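# Coordinate analysis (summary)
Here's the letter readout for the chains.
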Amino acid sequence: MTRRLECVLLAHGSGGRLTRDLIAGSFLPALLNPYLAPLADAAVLPELPPGRPALTTDAFVVDPPRFPGGDIGYLSVCGTVNDLAMAGARPLWLTWALILEEGLEGALLETCVEGAARASRETGVTVVAGDTKVVPKGKGDRLFVTTAGLGVVPPGRDVGDHRICPDDAIVVSGPIGDHGATVLASRHELDAPRLCSDCAPLSALVESVFAAGIAVHSLHDPTRGGVLSVCHEVAARSGLGLRLFESALPVRPPVRAVCDLLGLEVLSLACEGRLLAWVPADQAEAAVRAMRTHPQGEGASVIGRVDQVRPHGVPVVLETRIGGLRPMDDLSGMDLPRIC
Amino acid sequence: MTDDPLFADARAVAGLLDAIRHVAEQLARPTTFMEVCGTHTQVVAAAGLRRLLPASIRLISGPGCPVCVTPVGYLDRALALAFLPDVTVCTFGDLMRVPSSTMDLEAARARGAHVAVVYSPRDAVRLARSRPDHRIVLLAVGFETTVPTIAAALAEAEDSALNNFLVLPGNKIMPPPLRALADDPDVRVDGFLLPGHVSVVTGWHAFRFLAADFGLSGVVVGFTPTDVLRGVLELALQVERGRPQVVNLYSRAVTPAGNPTAWALVERFFEPADTGWRGFGQIPGSGLALRPAWVHRDASRIPVELPPPTEPQGCRCGDVLRGVVDPNQCALFGAMCTPDAPVGACMVSSEGSCAAWFRHEWREGSSE
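Not measured: the values here are computed from a predicted model. (Residues numbered from 1 in each chain as written. Chains lettered and ligands numbered in written order. Predicted model: local features only at pLDDT ≥ 70, side-chain atom pairs only at ≥ 80, totals over all residues.)

## Re the domain arrangement of chain A
All names here are of chain A.
- As far as domains go, chain A holds domain 1 (10–153) and domain 2 (161–327).
- For domain 1 versus domain 2, the distance between C-alpha centres works out to 28 Å.
- Facing 21 residues of domain 1, the contacting portion of domain 2 comprises 20 residues.
- Among the elements of the structure, helix H2 (72–86), strand E4 (90–101) and helix H3 (106–123) are those that each provide at least two residues to the side of domain 1 that touches domain 2.
- For the side of domain 1 that touches domain 2, the element with the most residues is H2, which contributes 8 residues. (Domains from an automatic or database assignment. Contact = placed C-beta atoms within 7 Å. Helix = DSSP H or I, 4+ residues; strand = E, 2+ residues; numbered from the N terminus.)

## Topic: unusual backbone geometry
Residues and elements named next belong to chain A.
- The peptide bond linking Asp-63 to Pro-64 adopts the cis configuration, its omega dihedral lying at 0 degrees.
- Here Pro-64 is to be found in the loop between strand E1 (52–60) and strand E2 (66–67).
- Phi is positive for Leu-39, close to 50 degrees, though the residue is something other than glycine.
- By the secondary structure assignment, Leu-39 is in the loop between helix H1 (17–31) and E1.
- Residue class for Leu-39 comes out partly exposed when judged on the 13 C-beta atoms lying within 10 Å of it.
- One non-glycine residue, Arg-142, lies in positive phi territory at about 65 degrees.
- When you line up the elements, Arg-142 lands in the loop between strand E5 (126–135) and strand E6 (143–153). (Buried ≥ 20, exposed ≤ 12 C-beta atoms within 10 Å, placed from the backbone.)

## A look at the nonpolar core
- Ranked by size, the top nonpolar core spans 120 residues in total, and within it Ala78(B), Ala82(B), Val137(B), Leu138(B), Phe192(B) and Cys346(B) carry the most contacts.
- The element that contributes the greatest number of residues to this core is helix H5 (residues 72–82) of chain B, accounting for 8 residues.
- Residues contacting Val137(B), with those up to four places away along its chain left out, are Leu81(B), Val87(B), Val89(B), Cys90(B), Leu166(B), Val167(B), Leu168(B) and Ala299(B).
- Val81(A), Val127(A), Ile164(A) and Leu318(A) belong to the second largest nonpolar core, which has 98 residues in total. (Core = buried A, V, L, I, M, F, W, Y, C linked by C-beta atoms within 7 Å.)

Written out as structure tokens, the structure reads:
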């Protein structure tokens, strides 16, 4: 073991002794497993279980890198695992690469490595390969993470927007917008002690829905762009109409408060530990029940349905609490905070 | 708050709509009311209220979106300042994508201009403290609701002798444009839904001149669908009775005299000045300029080269802001001008009439 890292130096990325010290001192103790241990150029893995391999890649640049309920390390592993789970895949292995800015405080790096390790323990998905680069101060914002994830879709399972049918119910696994609201509040130093990111792995929740015998048609995690962006993507791919019920949308009061304060649309706020499931209407209640047996799905509810015909040709509409029908346009550019 | 079930109750809304329909049947002629405030515009559009009202009652949007009424010359100056090597321009997010004569602030930032988005004027003060080598210029845009926070930032900078904190004065006050509208023969309005947030600061007595001087109705309302519908009902009743008055239906937040503490802080730094409004031109006494004692904080005195101000061709933001046309009557609306590629300012902020219409109103003939 080496000394505790105080601050990242350019030399930590040079490939020499300091790089080896960084890996041995900061990364291996938290992430070690038999496939990572040889520190070879590539991890050689056992044969895949039966099914179709699923491969994903993701990049993480969240600002701030530490927020209530998580950090960029935890987020990066959860996010990658969740992308695989949304394809119906059982996640198996990850790669994890860091771009560090010269001068990064060692404690922050430690938090993020520990976050990644915690997510890895929670999901049983191990980091089998990694890389570290250091860029000069001012050329990066503290730390960025990129990942790749490999999983397998079990035989007989087929999940995707091509399976969505008219009348399908749209189920959400819990309250929406917590991650986006928390990160925005942290960034702007809003004092909101009740806010906490929903960042969490979803692979076990997905498996529990399949285990309950639900014929899941499609799955999405409403990350960047939130529920609204996912709905627009689904509508565009399926050619169908999506209808959301305002009175059924689960939104926690502090999240609602941040939206009101900053003038944001809650349906456009990111979630990092929630999923949307498209299921046959007659299985909607069973899907909700199955989710609620799982800690990540305690707040599950039906929030919408798929329409064969789009009202006025609009792809995504909201049935408002007062009985109106509102077209929901997709987010355009950045969601701009209001000024008065 | 617009989603608070307490104020978005379907039964309450249905009851109010029934009452409004009943009054509308008694009215001798079609009636037009203007919602002055951008947040009201957003509530009206988001709740779909325009389509729920009887056809004889028309709601039009007014000049209450601060970004929308900011003239292009102001943005040109902000842009020029942001390209100076030792200046960082701080702005509320709404202004980032408002077109100037050349480009918007977002495009300028991508080309190397120093632009920072802040959520609070005090964020800009904090930036000034951490960047003593830079002059930090806050784009001071907004109505009576926003000005006290800008005055508070100025006070903080004064107290800590932060001489690199400046503002580019562009704040405006609401009563003068309402007077201009009431006086404008092109604008046919029977009554105003008056801005609730502004009234929290000014007090509702600031709008009594509408009835006294022009014989027009006015009602201060809050920001939920039921608030707005109560306001419409009150205006319709006044028209039916032929007794225009200015009343306050937002008494849970608004008092007759407003918030004198906040306004005293504003008056410490600012004094009334003539200023230009998009769509209206120059309106006497409608702007706020820094008092002479604070000229060292006035960024409009920093010399910059400005292009001749160019309004986008064909854009009818000015007419939309005066309620002369609805957004969809502009030839650019929805085709040339969308939230993705806004031509006019009213398409940028979520409170701009055009953006609210584009996002929430059903578009004629819209289809896949």
